[in-house]
Amino acid sequence: MSSLQALCSGLPLWPLPENRGRQAGVPHAPVRTPRLSPAEEQLALRNALRYFPPDLQELLAPEFAEELRLYGHIYMYRFCPSIEMRAYPVEQYPCRTRAAAAIMHMIMNNLDPAVAQFPQELVTYGGNGQVFGNWAQFWLTMSYLSQMTEEQTLVMYSGHPLGLFPSSPGAPRLVITNGMVIPNYSSRTEYDKLFAMGVTMYGQMTAGSYCYIGPQGIVHGTVLTVLNAGRRYLGTEDLAGKVFVTSGLGGMSGAQAKAAVIVGCIGVIAEVDRAALMKRHKQGWLMEVADSLDHCIRRLREARRRKEVLSLGYHGNVVDLWERLVHELDTTGELLVDLGSDQTSCHNPFNGGYYPVQLGFTEAQSLLASNPAAFKALVQESLRRQVSAINRLAKENFFFWDYGNAFLLEAQRAGADVEKKGARKTEFRYPSYVQHIMGDIFSQGFGPFRWVCTSGDPQDLAVTDQLAVSVLEAAIAGGVNPAVRLQYVDNIRWIREAARHQLVVGSQARILYSDQKGRVAIAVAFNQGIASGKIKAPVVLSRDHHDVSGTDSPFRETSNIYDGSAFCADMAVQNFVGDAFRGATWVALHNGGGVGWGEAINGGFGLVLDGTQEAEQKAKMMLTWDVSNGVARRCWSGNQKAYEIICQTMQENNGLVVTLPHEVADEHVLQQALQS
């Protein structure tokens, strides 16, 4: 086992580490099929070898070429570190700055096997959300971070550390871009080739920005989504005996089982990969496992009758489950499901993100590697069957929504019946969860705010939990409007439930949804806690890119923006730039994320609180912008709630002046003008 000191000393070249290849017993990414030409294969190999001196290239070239042939990408397995990969306490990293040590803590958390979906392929979640493109990039990045001073910035080009460049103490210590491909060439086919050649990378959202906190983040989002779905669709906050059916127990989707238990319903989650299913069962996130549809339906009925709280994993394809639910309805008249969604990695449906119902898991993986076109045809047929079953159930008192994984978008492309007559381009028969459930929350400035205690001490997390609850309770006591109060109450409940359900996997982290006022107040409370010694080490503030201002995604985050700008990415790009010069410790801008390559632009940040007055000022400045940007954009698009929030924010902040929209003439006047 190497040490952190060795890990920060640059690429291990003399002697070279032993080539142990792919580790057995560890989940691995599906084989990629980039279909490179001979010239492109040579370029991929050349690009990999340029990390190494000439006297090693003759040895490394054959094994890198073999990786390219066998797996469709050069991961450089020889250089996968032997150290236990986890988020070590921040003071253990050999660094010249606290910011660099905090970034190292976050990087190693993203690659922790307890956290990462495919750790040896540097994939954190989502099937293809890379932290780096290869292990050489990891070693070099750790070395640069250990050398970096407060007057340097590390620049990352899609996983590749370009180098340390002179900057200033107020500048970000790290600037990341992932997948910034010229728009006309930002297709999936081109991506597969560019990634195989080692020149770009899909960073998902928080994989390539080093801000993932394990499945807790999506547990929280799913808890709020299902709670609000119950309020909107079923007219109740009591979900006892209600059944939520979905799919996916892998990376982020593994959170669905725990979320079902927290909200008090019956969650039935299908998963084709037994290893992923059993991982969640062993972690205690999944209560029971059903290996047959008969067992699954029998247990579901029993739980409904008793109004049990249950998370039940069905080992099989979700299409079979949906079709069996239709069969039960048609033969017995009994509707066994109330709420439904899908959390397969449908943003990446033809590379292992979605498995077709016609084949078993292993058989499907073999077909994916040998005949991608045939695999794609089966996936699209499977999507059509899944939608057909959902459509039948939706004729009854059953409600389905798209969970932002591009399920309905890919189903539409497959020819499934998801059309909504007379709808806008971003609308389908079933709503995106942003359109019906979370959209108004974003318009009020609420989104996924998170923090990491870099001491690694659970006691520090407990202190921050209590500080956050105290801040929200004080805000409620001071008087807030009913909609804001509901969000604060939900999140106070969440923090208490999160501690009780032991949701930490990897770093000592927490997430909650908060607005701009809440985020700033919580940040100030944390910073003061560090200054006083109540919190023993710096705290990293961050958020999911899936937030108020962080993402332009017409089929998800901006799907409820109806002025025609849903396909424009000014907001996310401006957010990245604005965070950078308002105090962020690091910033990231990505192509894709959640809904897939070429479908969105998103960005994020990390901000290190160290107890200094300077850190507090940065937090106030940056967090205000980070929320207000998106609220102002939604205000300009005509959202009334955003209009009210931004007007209130302007009253409270003399430096904020926003262009407000005037009410536009009614439709009759517009039609007359156009006809004339």
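All of the points below concern the structure found in this document. Counting starts from 1 at the beginning of each chain's written sequence and moves along it residue by residue. Per-residue local features of the predicted model are confined to residues with pLDDT of at least 70, and side-chain atom pairs are confined, for both listing and counting, to 80 or more; whole-chain, interface and lining totals are unaffected and use all residues. Only hydrogens and water are removed before side-chain values are computed, so all heavy atoms of the structure are retained for them.

So, on to the pattern of salt bridges. The term salt bridge refers to a side-chain nitrogen of Lys or Arg lying within 4 Å of a carboxyl oxygen of Asp or Glu. Going through the model one piece at a time under the given rule, you end up with 42 salt bridges. For the salt bridge of Asp192 with Arg32, the shortest nitrogen-to-oxygen distance reads 3.3 Å. Pair noted here: Asp192 is in helix H6 (residues 188-196) and Arg32 is in the loop between helix H1 (4-7) and helix H2 (38-49), with a separation of 160 residues, a long-range link. In this structure, a network of salt bridges that share partners links the residues Asp294, Arg301, Arg304, Arg324, Glu328 and Glu334. The helix count covers DSSP runs of H or I at least four residues long, the strand count covers runs of E at least two residues long, and both are numbered beginning at the N terminus.

The next thing to look at is unusual backbone geometry. In terms of backbone geometry, most residues other than glycine have negative phi values and most peptide bonds are trans. A cis amide bond links Trp14 with the next residue in sequence, Pro15, at an omega value of 0°. Of note, the phi angle at Arg35 is positive, near 55°, even though the residue is not glycine. Looking at the element boundaries, Arg35 is found in the loop between H1 and H2. Phi at Lys307 is positive, roughly 55°, even though this residue is not glycine.

Here the focus is the packing of helix H7 (residues 216-234) against helix H8 (residues 256-263). Interaxial angle, 0 to 180 degrees, is taken between N-to-C directions of lines fitted to C-alpha atoms, where a helix line uses only the stretch in contact. One can describe the packing of H7 onto H8 by two numbers: an axis separation of 8 Å at closest approach and a directional angle of 45°. Judged by the inter-axis angle, H7 sits oblique to H8. For the element pair H7 and H8, the recorded crossing hand is right-handed. Across the interface between the two elements, Val219, Thr222, Val223, Val226 and Leu227 of H7 pack against Lys258, Ala259, Ile262 and Val263 of H8. By the definition adopted for this analysis, an angle is roughly parallel if under 35 degrees, roughly antiparallel if over 145, roughly perpendicular if from 65 to 115, and oblique otherwise. Each crossing gets its handedness from the near helix: less than a right angle anticlockwise from the far helix is left-handed, clockwise is right-handed. The contact rule is simple, with two residues in contact once any of their heavy atoms fall within 4.5 Å.

Next up on the list: the pairing of strand S5 (residues 174-178). Type-normalised accessible area, obtained with a 1.4 Å probe on protein chains alone, sets the label of each residue: buried when under 20%, exposed when over 50%, and partly exposed for intermediate values. Residues Leu174, Ile176 and Asn178 point to one face of S5 and are all buried, whereas Val175 and Thr177, pointing to the other face, are not buried. At least two bridges found by DSSP between two strands is the condition for calling them paired. Looking at chain direction, strand S3 (residues 152-157) and S5 are connected through 4 bridges and run parallel. Bridge assignment links Val155 to a residue of S5, and that residue is Val175. Pairing analysis gives 5 bridges linking S5 to strand S16 (residues 586-591), with the strands arranged parallel. Its bridge partner being in S16, Asn178 is matched across the sheet by His590.

Turning our eyes to something else, we now look at the packing of helix H20 (residues 570-581) against helix H21 (residues 613-636). Two elements in contact, H20 and H21, have axes separated by 10 Å at closest approach and are oriented at 160°. Here H20 lies roughly antiparallel to H21, going by the angle between them. As for how H20 packs across H21, the hand of that crossing is right-handed. Along its contact with H20, which presents Met571, Gln574, Asn575, Gly578 and Asp579, the element H21 presents Met622, Trp625, Asp626, Asn629, Gly630, Arg633 and Arg634. A breakdown of the residues in the contact of H20 with H21 according to their chemical character gives 3 nonpolar, 5 polar and 4 charged. Ten residue types, Ala, Val, Leu, Ile, Met, Phe, Trp, Tyr, Cys and Pro, are classed as nonpolar, four, Asp, Glu, Lys and Arg, as charged, and the remainder, Gly among them, as polar.

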